[in-house]
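# Examination of the molecular architecture
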Amino acid sequence: MLQDPAEDRGRRIGAAMLLRVAAPDAAPRIRIAAETSADDELRAALERAAEEELDDATLERALRVTRGS
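Every value quoted in this text rests on a predicted model; they were computed, and no experiment measured them.

## Re the pattern of salt bridges
For the structure shown, the criterion picks out 7 salt bridges. Salt-bridge contacts for aspartate 39 lead to arginine 9; the nearest nitrogen and oxygen are separated by 3.0 Å. In this pair, aspartate 39 is assigned in the loop between α2 (27-35) and α3 (40-50) and arginine 9 in helix α1 (residues 9-22), connecting sequence segments 30 residues apart. You can call aspartate 39 partly exposed: its relative accessible area is 22%. Look at arginine 9 and you get buried, because its relative accessible area is 17%. Aspartate 40 serves as the salt-bridge partner of arginine 43, at 2.8 Å between the closest nitrogen and oxygen.

Cut-offs used in this document
- Within each chain, residues carry numbers counting from 1 in the order of the written sequence.
- A pLDDT threshold of at least 70 governs which residues receive local features in this predicted model, and a stricter bar of 80 or more applies before side-chain atom pairs are shown or counted, although totals over entire chains, interfaces and linings include all residues.
- Neither water nor hydrogens contribute to the side-chain values; these are computed over all heavy atoms in the structure.
- Salt bridges are defined as contacts in which a side-chain nitrogen from Lys or Arg sits within 4 Å of a carboxyl oxygen from Asp or Glu.
- Helix and strand assignments come from DSSP, with helices taken as H or I runs of at least 4 residues and strands as E runs of at least 2, each series counted from the N terminus.
- We call a residue buried when its accessible area falls under 20% of the maximum for its residue type, exposed when it is over 50%, and partly exposed in between, using a 1.4 Å probe and counting protein chains only.

Listed below in structure tokens is the structure:
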């Protein structure tokens, strides 16, 4: 789900957050998913999730694109 570009970005971000908490050594895997993302807002959210620094503003920007606002 994390690396699937066809998956909803909210689900991808959620997977990254869950993976980071459940497996602290998963940061490189999350970074790879971020690096391969063509979407700037999603990339930023995944990068911050990998570092456990995902803030509300970054999350909202990534999700706002999903809702088309």
